[in-house]
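Chain and residue survey
Chain by chain, the residues:
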Amino acid sequence: MQTLNTEQTTQSATQAFTQAFGPVPGSAHTAGSLSELAFITAGPAAVGFVEWIITQARQDRIDHIIFLGQSGYILHDLMQSRRAASTEEPFASSHHLPASQALFVLACMDPTHILGNDTSRFFNRLSDFIGQSQDLCLPELLARSGVPVPSAGVLANLGLDTQQSIAQLDLKKLTDFLFAWRPEIAKICQNNRRGLYRYMVENGMAHGARIALVNLDWQGATQELFARALGEFMPLNITGYSFALSETNQTRERKKSLHIKSFLQTSTLGAGMVEALAANHVLTEFLFSAPQAPVIGFSPRNSDYTVDEGRLDTRHFFTQAAEVQTGIRQFARHMAQAENRPGYGLPAPVMAGPLLSFIAHDHWERHPQLQAVQNFDPWINSARHSKRLTDYAVKPHNG
């Protein structure tokens, strides 16, 4: 794939930025760097998203805002900065729960029930547990969820090759093993569910509280898992605040039972733009990611977390993620210091305009800095081969 220079790959994004906020200040960052890219694209989108969250939380009379996962790190940081500088009416209480979707999948697999054990929960979520693991080997499948890995000899006696990918394994043998290993998996599931409940109680979230869940949740899946994991023991009034929702059958089905709102909507952007955004979700997730390993569970004895360090060296990725967050914070400060604060009160399509233009009209997959991003998601990465962020680029239908 041809690599273009950074000006060629950000031309439309820069134009959208200039139209909304004026010229990009050249002294804030190194030209062509990830921090510059984040300043132009992710910065306005993140600031706009947080402003929208503040407004929605007031309208919905939210008691607590929970920022989830990797994206929650920078979004909650922006929220706290706005809170400290604000002279407006008080904001809702906010928290950052750094849990990845893996934690919620496991919590929902916990068979514990108020009337006894319900083993169907384990089997109903087994496809989620195995999901996106085609390139992983069996030990990696278990390790990414914090599940103990039996010896290669034990697995070999069951006819399971530890060097084969999940896609190559006999599905019945794999399922039989997971069923036999269910007690070990269930320990992790139960611990995650208890830890999630403990987190809610320790942060003052009681039964019936009005909770806003903030996440880059493209189909409402994380909100559904969160509600299922806690609903039996802690009924809550949950509203999902998503960055954008793709128009899929799964999303439409979840909307029937979940209360979900999105910052970017098909009614204002058009279905093609929203689908382009969702199809290239890995780019947005990288631009909002945190320079730390994803949280996959709770420590059994305290409030610490269990993280997935991944199967590959992620030190360079953490450096890249930190640079991206620097760019977002620089934009937030730039807007806060600008006369008349032009970045506040603008419509969502304008705030997200540079990011949307970058995805729909620029060749983001050819951006030199993005082509250097590897090993960004331990959930899907195997030690046997690296994957680049740009391998997941999807060309929009209109582009």
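Everything below is about the structure printed above this text.
Residues numbered from 1 in each chain as written. Predicted model: local features only at pLDDT ≥ 70, side-chain atom pairs only at ≥ 80, totals over all residues. Heavy atoms only, no water.

1. Notes on the sheet that holds strand β6 (residues 237-244)
Quick note on the threshold: Only strands joined by at least two bridges in the DSSP assignment are considered to pair. Per the convention used, a helix needs a DSSP run of H or I reaching at least four residues, while a strand needs a run of E reaching at least two, with both numbered from the N terminus. The axes are straight lines fitted to the C-alpha atoms, using for helices just the contacting stretch, and the angles between their N-to-C directions are given from 0 to 180°. Should any heavy atoms of two residues lie within 4.5 Å, those residues are considered in contact.
The strand order β2-β1-β5-β6-β7 describes an open sheet built from 5 strands, whose pairing is parallel. Each edge of the sheet is formed by a strand with only one pairing partner; in this case those strands are β2 (93-97) and β7 (259-264). When strand polarity is set aside, the average angle formed by the axes of neighbouring strands in this sheet is 25°. Across 4 bridges, the pairing between strand β1 (residues 64-68) and strand β5 (residues 210-215) is parallel. Looking at β5, one finds that Ile65 is bridged to Ala212. Across the face of the sheet, helix α4 (residues 42-59) comes into contact with β1, β5, β6 and β7 while running at roughly 155° to β6.

2. Quick word on the pattern of salt bridges
What counts is decided by this rule: When a carboxyl oxygen of Asp or Glu lies within 4 Å of a side-chain nitrogen of Lys or Arg, that pair is called a salt bridge. Think of it in three bands: with a 1.4 Å probe and only protein chains considered, a residue is buried below 20% of the maximum accessible area for its type, exposed above 50%, and partly exposed in between.
Across all of its chains, the model carries 16 salt bridges by this definition. Here Lys261 makes a salt bridge to Asp60, at a shortest N to O gap of 2.7 Å. Highlighted residues: Lys261 in strand β7 and Asp60 in the loop between α4 and β1, separated in sequence by 201 residues. Note that Arg315 and Asp313 form a salt bridge whose closest N and O atoms lie 2.6 Å from each other. For Arg315, a relative accessible area of 63% gives the class exposed. What makes Asp313 partly exposed here is its relative accessible area of 45%. The network of salt bridges with common partners includes Glu224, Arg228 and Arg254.

3. Focus on the packing of aromatic side chains
Here is the rule: Centre distance within 6.5 Å is the pairing criterion for rings of Phe, Tyr and Trp, where only the six-membered ring of Trp is used; planes under 30 degrees apart are then read as stacked, over 60 as edge-to-face, and the remainder as tilted. Lysine and arginine charges are scored as sitting over a ring when NZ or CZ, respectively, is within 6 Å of the ring centre and within 35 degrees of the ring normal.
Counting across every chain of the model gives 21 aromatic pairs. Each member of the aromatic cluster is reached from another via a ring pair, and the members are Phe49, Trp52, Trp218, Tyr241, Phe243, Phe263 and Phe288. The ring of Trp379 has Arg144 lying over it, and the distance from NZ or CZ to the ring centre is 3.5 Å. If you follow Arg182 out to its NZ or CZ, it ends over the ring of Phe122, 6.0 Å from the centre.

4. Some thoughts on a nonpolar patch on the surface
Quick note on the threshold: To count toward a patch, a residue needs a relative accessible area over 30% and no salt bridge; like charges are then connected within 9 Å, while nonpolar side chains (Val, Leu, Ile, Met, Phe, Trp, Tyr) are connected within 5 Å. Only the protein chains shown count as covering a residue, and every accessible area follows the Shrake-Rupley method with a 1.4 Å probe.
Where nonpolar side chains cluster on the molecular surface, the patch consists of Tyr197, Val201 and Phe233 and spans about 240 Å² of accessible area. The residue Tyr197 is located in helix α12 (residues 182-202) in this model. The exposure class assigned to Tyr197 is partly exposed, which follows from its relative accessible area of 34%.

5. A short note on the nonpolar core
Applied cut-off: Residues grouped as a nonpolar core are buried Ala, Val, Leu, Ile, Met, Phe, Trp, Tyr and Cys residues, joined through side-chain atoms within 4.5 Å.
Core analysis: the largest hydrophobic core is formed by 67 residues, its most contacted members being Ile65, Phe243, Leu264 and Phe288. With 10 residues, α4 is the single largest residue contributor to this core. Not counting the four nearest positions on each side in its chain, Phe243 is found in contact with Ala45, Phe49, Asn215, Leu216, Trp218, Ser262, Phe263, Leu264, Leu277, Thr284, Phe288 and Leu355. By size, the runner-up hydrophobic cluster in this structure holds 45 residues, among which are Leu103, Cys189, Leu196 and Leu225.

6. Topic: unusual backbone geometry
Despite not being glycine, Gln132 shows a phi value in the positive range, around 55°. The residue Gln132 is located in the loop between α8 (126-130) and α9 (138-143) in this model. By relative accessible area, Gln132 is classed as exposed at 51%. One non-glycine residue with positive phi stands out, namely Asn375, at about 55°. Following the sequence through the fold, Asn375 ends up in the segment after α21 (368-371). Using a relative accessible area of 11% as the deciding quantity, one classes Asn375 as buried.

Any functional reading would require information that these geometric values do not contain.
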